[in-house]
Amino acid sequence: MSPAISVTVNGATHTVAAGVSVRQALDGAGGRDVIAARVNGKLVDMSRPLEHDATVEPIAADSPAGIEVIRHSTAHLMAQAVQSLFPGTQVTIGPTIEDGFFYDFAPARPFTVEDLPRIEQKMRELAKADLKVERIEVARDEAIETFERMGEHYKVEILENIPEERVSIYKQGDWMDLCRGPHVPSTRYIRAFKLTSVAGAYWRGDEHNAMLSRIYGTSFATKEALEEHLQLIELARTRDHRKLGREMGLFLFDPISPGSPFFLPKGAIIYGALVDYMRRLYRRYGFDEVITPQVFKNELWHTSGHWENFRENMFLTNDREGEAGDEVDAGSDGWRKGYAFKPMNCPGHTFVYRAEKRSYRDLPLRIADFGRLHRAERSGALHGLTRVRTMAQDDAHVFCAPEQVAEEIDLNLRMVRDVYTALGFERLESRVATMPEKHLGTAETWRANEAVLGAALDRNGLPWEENPGEGAFYGPKIEIYVPDALKRKWQLATIQLDYNMPERFDLTYTTSAGSEARPVMIHRAILGSLERFIGVLIEHTGGVLPMWLAPEQVRVLSLSEKVEDYAAEVAALIKAEGWRASADLRNEKLGFKVREAELAKVPFMVVVGEREAAAREVSLRLLRGAKGQTLGLAALLALLKAEPVPA
RNA sequence: GCCCAUGUAGCUCAGUCGGUAGAGCACUUCCUUGGUAAGGAAGAGGUCACGGGUUCGAAUCCCGUCGUGGGCUCCA
């Protein structure tokens, strides 16, 4: 006779015998689609026996926690299918991720997309077989022996790094995997899944390790939810900035300079409008813009630490094969060698600082620069405008006294707020990136500075997480992230604290007491890189940009050749008021011209026919909005003028 | 850089078993003067990414290079 324990389910407490399973304890509470439970706050399987008093919460298949469990179980199901179809394949890890799961395998040959339908088919069979999913607890040593015998060397390596003495193994049919769980009670609960892609991935994410074969997939509680998700992805594809950029004639890429956008006239307008906007903010916030060189002698990069820490990302000038380009002598062309394109503006800005003997009265000194940067990004990293080899940031460096740091960070966080609110980004995520492996300075200084950045985010009411080891080599960073159409998150704004660069360039200022002191450098960008920002902005807006950023703000559409003169006159009038306007006088039907203007995402379409010409009026059509409103020319100009522009 | 996929007209894509290229849109010209997302006709446009190889013959098969896409890694 087992001792009795009390179990609380949905607020009601019952007494049951110790050792009853979670399923029995729940006794049907929460409906038929319960796949796991939370016992005293911990997720467990339905079959787990209860030994002590507990509060048991049912987890429904379609709850967030339930979907996680299903995805994890789907990853297992996939691994089972893969190992049955491709004997000799080793399993490694298979976690859930946002929107799905993946599993990394060590197969005899890498998987290709052609393998996916077969694997999916096998998975459906296994799901239909309704295999019971069993949890078995074993001693770690025993588990190591078992997986060793099975030839699962990666699992053995994982086990060897697990501190616990006892581990859990999940079994379904004749297949098993080391796993913390929990899982669905049986494979039949896995009913709406799809394998989406294959990819290479390094074991433990380290490129020195073996390349594994990763299969991505997703899984939902119901077929409807899966369908909805797949449709959302399709929709997101239509907002891809690379597609829209081509359709809207904003920019192009050419193999002649990989990863380097050509901004076409329309794209350059967006670019310029953003720069103009930042310049207005600079005047308000007390930044001074400078223009600095593009290439510098390597000496600069040695002093700054870039040579040691960033050289692999730099374009070096060197016309001789196989040389590092570090020597500034050698031959008649020697003067040309030993330079590098700047990947950052900061070292150059120390020379602006040093232009004068500085005193505390000069601080904070805020130096802004839209200079073009070049970074030798690895070929596989390139991605449209969001990952490029040449870019300009709305970059600035604040040189300040140590006691001014908090105030200056606050000022820049306020700018971040201003800009992102003005541009309609409401959901920002913040992180503090901490000391990387390659770094300058001591760990103590790093920790102190990381704390300063965290405190600043707290002060400004921005929730944040730590991003371990991701700081710049010279100091920790505040990173602001914004998601793109496919929910990939891109780092845009950044605020970085740097005590190293001033040291290395021996920057000083005279204090009020007359002594010499070392200034602190704050590196920061609000938009980040203009290129990436424009990419994310296009996806965020689906190409429908606010009036002040629209490359073409107004297009006058003539109905027929009879009103050509009037249409041209209206367009000229609008242009004279300073708007970016054009007239479509082509010999085409109105419907055709409207369609083209819609595709070009022109916010204001001004239609003129014989009726309008006679009355000296226009018929207005707004992008994706109202149409057919007739108004006089003065009223039209007033309406345009009322369009919002950020301060 | 690594894994997988991929590269045919400006764009989106067909092209069977290897027999030296096709469509739609865009472009040019003509007809049409049309009222809010595609009017009609004709024409022009391609060293099938590049370099090798196999073959009587390669857009097609093989190898390499470059680019692109999805990931890994890296980062604004």
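Every residue gets a number counted from 1 within its own chain, in the order that chain's sequence is written. Each chain is given a letter, starting from A, and each ligand a number, starting from 1, according to the order in which they appear as written. Predicted model: local features are reported for residues with pLDDT of at least 70 only, side-chain atom pairs are reported and counted for 80 or more only, and whole-chain, interface and lining totals are derived from all residues. Remark: hydrogens and water are excluded; side-chain values derive from all non-hydrogen atoms of the structure.

Enquirer: I tried to follow the protein's contact with RNA strand B on my own but got confused; where do I start?
Expert: By convention in these notes, a residue is near a molecule or strand provided one of its non-hydrogen atoms lies within 4 Å of it. Residues in close proximity to RNA strand B total 61 residues, the closest being Tyr202, Arg387, Lys477, Asn587 and Ser619. Taking the atoms of RNA strand B that fall within 4 Å of the protein, sugar and phosphate contribute 51% of them. A distance of 2.7 Å separates a phosphate oxygen of RNA strand B from a polar atom in the side chain of serine 379. Here a phosphate oxygen of RNA strand B sits 3.1 Å away from a polar atom, N or O, in the side chain of histidine 383. Per the convention used, a helix needs a DSSP run of H or I reaching at least four residues, while a strand needs a run of E reaching at least two, with both numbered from the N terminus. If one sorts the elements of the surface near RNA strand B by residue count, helix α17 (residues 590-599) sits on top with seven residues. For the surface near RNA strand B, a count of residues per class yields 21 nonpolar, 17 polar and 23 charged. Polar contacts, as counted here, are pairs of nitrogen or oxygen atoms within 3.5 Å of one another; within protein the pair requires one atom able to donate a hydrogen and one able to accept it, and residues that are adjacent in sequence qualify only if both atoms are side-chain atoms. Residues are grouped as follows: Ala, Val, Leu, Ile, Met, Phe, Trp, Tyr, Cys and Pro are nonpolar; Asp, Glu, Lys and Arg are charged; every other residue, Gly included, is polar.

Enquirer: Would you mind showing me how to read the packing of helix α8 (residues 265-285) against helix α15 (residues 530-541) here?
Expert: When two helices pack together, their arrangement is given by the angle between their axes and by how far apart the axes lie. Between α8 and α15, the least distance of the axes is 11 Å, while the angle of their chain directions is 110°. In terms of their interaxial angle, α8 and α15 are classed as roughly perpendicular. For α8 against α15, the interelement crossing comes out right-handed. Here Ile270, Tyr271, Leu274 and Val275 of α8 lie close against α15, whose contacting residues are Leu530, Glu531, Phe533 and Ile534. Split into classes, the residues belonging to the contact of α8 with α15 amount to seven nonpolar, no polar and one charged. To get an axis, a line is fitted to the C-alpha atoms, and for a helix only the part in contact is used. The angle between two axes follows their N-to-C directions and goes from 0 to 180 degrees. The cut-offs work like this: below 35 degrees is roughly parallel, past 145 is roughly antiparallel, 65 to 115 is roughly perpendicular, and the gaps in between are oblique. Note on convention: the crossing is left-handed when the near helix lies turned anticlockwise from the far helix by less than a right angle, right-handed when the turn is clockwise. What makes two residues a contact is simply this: any of their non-hydrogen atoms within 4.5 Å.

Enquirer: Explanation requested: the nonpolar core in the structure shown.
Expert: Soluble, globular proteins show a tendency: their nonpolar side chains are buried together. Definition of nonpolar core: a set of buried residues of the types Ala, Val, Leu, Ile, Met, Phe, Trp, Tyr and Cys, connected through side-chain atoms within 4.5 Å. Each residue is placed in one exposure class: buried if its accessible area under a 1.4 Å probe, protein chains only, is under 20% of its type's maximum, exposed if it is over 50%, and partly exposed if it falls in between. With 58 residues, the main nonpolar core has Leu274, Met278, Phe287, Val419, Tyr420, Phe533 and Leu549 as its most contacted residues. Listing elements by their share of this core, those giving two or more residues are α8, β22 (390-400), α12 (405-422), α13 (443-459), β25 (477-483), β26 (489-498), β29 (520-529) and α15. The element that contributes the greatest number of residues to this core is α8, accounting for 10 residues. Setting aside anything within four residues of it in sequence, one finds leucine 549 in contact with Ile270, Ala273, Leu274, Leu423, Leu537 and Arg580. Counting 33 residues, the second-largest nonpolar core is a separate cluster that includes Val82, Phe101, Tyr103 and Val184.

Enquirer: Before we go on, may I ask you to explain the side chain of histidine 349 in this structure?
Expert: Relative to the elements of secondary structure, histidine 349 occurs in helix α11 (residues 346-353). Classification of histidine 349 by relative accessible area gives buried; the value is 0%. Among the polar contacts made by the side chain of histidine 349, one reaches the side chain of histidine 397 at a distance of 2.8 Å. Beyond its immediate stretch of four places on either side in the chain, histidine 349 contacts Val290, Thr292, Ile367, Ala368, Asp369, His397 and Phe399.

Enquirer: Teacher, can you tell me more about the layout of surface pockets here?
Expert: Empty pockets left among the atoms are what a rolling probe the size of a water molecule brings to light. Empty space within the largest pocket amounts to approximately 1800 Å³. Those elements that provide at least two residues to the lining of the largest pocket are β22, β25, β26 and β29. Broken down by element, the residue count for the lining of the largest pocket peaks at six residues, all from β26. Residue classes in the lining of the largest pocket are distributed as 17 nonpolar, 15 polar and 17 charged. With a 1 Å grid laid over protein atoms only, a set of points is called a cavity when a 1.4 Å probe fits there but cannot get out and a pocket when it is open yet has protein on both sides within 12 Å along at least five of seven lines; lining residues have an atom within 4 Å of a point. Grid points are joined across faces, edges and corners, and a volume is the space filled by probe spheres set on the points.

Enquirer: Just to check I follow, could you spell out the pairing of strand β32 (residues 604-608) for this structure?
Expert: A regular strand carries its side chains on alternate faces of the sheet. Of all five residues making up β32, five are buried, and the element is well covered by its neighbours. The side-chain alternation of β32 yields two buried faces, one formed by Phe604, Val606 and Val608 and the other by Met605 and Val607. A pair of strands is labelled paired if DSSP reports no fewer than 2 bridges between them. Bridge count for strand β30 (residues 554-558) against β32 is five bridges, and the pairing is parallel. Residue leucine 557 lies in a different strand from β32, and its bridge partner there is valine 607.

Enquirer: In this structure, what is going on with the sheet that holds strand β10 (residues 166-172)? I would like to understand it.
Expert: In a beta sheet, neighbouring strands are held together by backbone hydrogen bonds and run either parallel or antiparallel to one another. The sheet built from three strands is open, its strands ordered β9-β10-β11 with antiparallel pairing. Since the sheet does not close on itself, it has two edges, and those belong to β9 (133-139) and β11 (175-178), each with one partner. Between one strand and the next, the sheet's axes are offset by a mean angle of 30°, whatever the strand orientation. The sheet contact formed by β10 and β11 spans four bridges and is antiparallel. Of the residues in β11, the one forming a bridge with isoleucine 169 is leucine 178. Here helix α2 (residues 64-85) sits on the sheet and contacts β10 and β11; the angle it forms with β11, its principal contact strand, is near 125°.

Enquirer: Help me understand α17 in this model?
Expert: For an α-helix, 3.6 residues make a turn, and residues three or four places apart therefore share a direction. All buried positions along α17 are accounted for by Lys593, Val594, Ala597 and Glu598. Viewed along the axis of α17, the buried residues span an arc of 135°, placing them on a single side of the element. Turned more than 90 degrees off the buried face of α17, the exposed positions are Gly591 and Arg595. After α17 finishes, the residue lysine 601 shows a positive phi value of roughly 60°. This arc corresponds to the set of directions leading from the helix axis out to the C-beta atoms.

Enquirer: Is there a simple way to think about the packing of aromatic side chains in this case?
Expert: Any pair of aromatic rings gets described here by the distance separating the centres and the angle formed by the planes. Two aromatic rings from Phe, Tyr or Trp, using only the six-membered ring of Trp, form a pair when their centres are within 6.5 Å; if the ring planes differ by under 30 degrees the pair is stacked, by over 60 it is edge-to-face, and anything between is tilted. According to the stated counting rule, one finds 18 aromatic pairs in the structure shown. Residues phenylalanine 296 and tryptophan 301 carry aromatic rings whose centres are separated by 5.7 Å and whose planes lie at 90° to one another, so their mutual orientation is edge-to-face. Both residues of the pair, phenylalanine 296 and tryptophan 301, count as buried. What links up through ring pairs into an aromatic cluster is the set Phe86, Tyr103, Phe105 and Phe111. Cation over ring: arginine 188 sits above tyrosine 189, and NZ or CZ is 4.7 Å from the ring centre. Charge-over-ring placement is defined geometrically: NZ (Lys) or CZ (Arg) within 6 Å of the ring centre, and within 35 degrees of the ring normal.

Enquirer: Please explain the environment of glutamine 491 as it appears in this structure.
Expert: For glutamine 491, the position within the fold is in strand β26. In this structure the C-alpha to C-alpha distance between glutamine 491 and threonine 386, which are 105 residues apart in sequence, comes to 9.5 Å.

Enquirer: Could you clarify how one ought to interpret a negative patch on the surface in this entry?
Expert: Distance thresholds for patches are 9 Å for like charges and 5 Å for nonpolar side chains (Val, Leu, Ile, Met, Phe, Trp, Tyr), applied to residues having over 30% relative accessible area and no salt bridge. Computed with the Shrake-Rupley method and a 1.4 Å probe, the accessible areas treat only the protein chains shown as cover for residues. Just to be clear on terms, a salt bridge is a Lys or Arg side-chain nitrogen sitting within 4 Å of an Asp or Glu carboxyl oxygen. Charge convention: Lys and Arg are scored as positive, Asp and Glu as negative, and His as well as the terminal groups of each chain are ignored. Each charge is placed at NZ for Lys, CZ for Arg, CG for Asp and CD for Glu. Negative charge collects at one region of the surface, where Asp141, Glu142, Glu145, Glu148, Glu160, Glu164 and Glu165 lie side by side. For the negative patch, the element with the most residues is helix α4 (residues 140-150), which contributes four residues. If you trace the backbone, glutamate 145 turns up in helix α4. Among the residues examined, glutamate 145 registers a relative accessible area of 53% and is labelled exposed.

Enquirer: Could you clarify how one ought to interpret helix α5 (residues 153-160) in this entry?
Expert: Three or more residues of α5 are buried, namely Tyr154, Lys155, Val156, Ile158 and Leu159. Residues of α5 that are buried make contact with β6 (90-91), β8 (100-106), α4, β10, β11 and β13 (211-220).

Enquirer: Just to check I follow, could you spell out empty space enclosed by the protein for this structure?
Expert: Counted under the stated rule, the structure contains one cavity of 30 Å³ or more. Here the largest cavity is characterised by a volume of approximately 30 Å³. As for the largest cavity, its lining consists of Met248, Lys266, Pro551, Glu552 and Ala600. Per-class residue counts for the lining of the largest cavity are three nonpolar, no polar and two charged.

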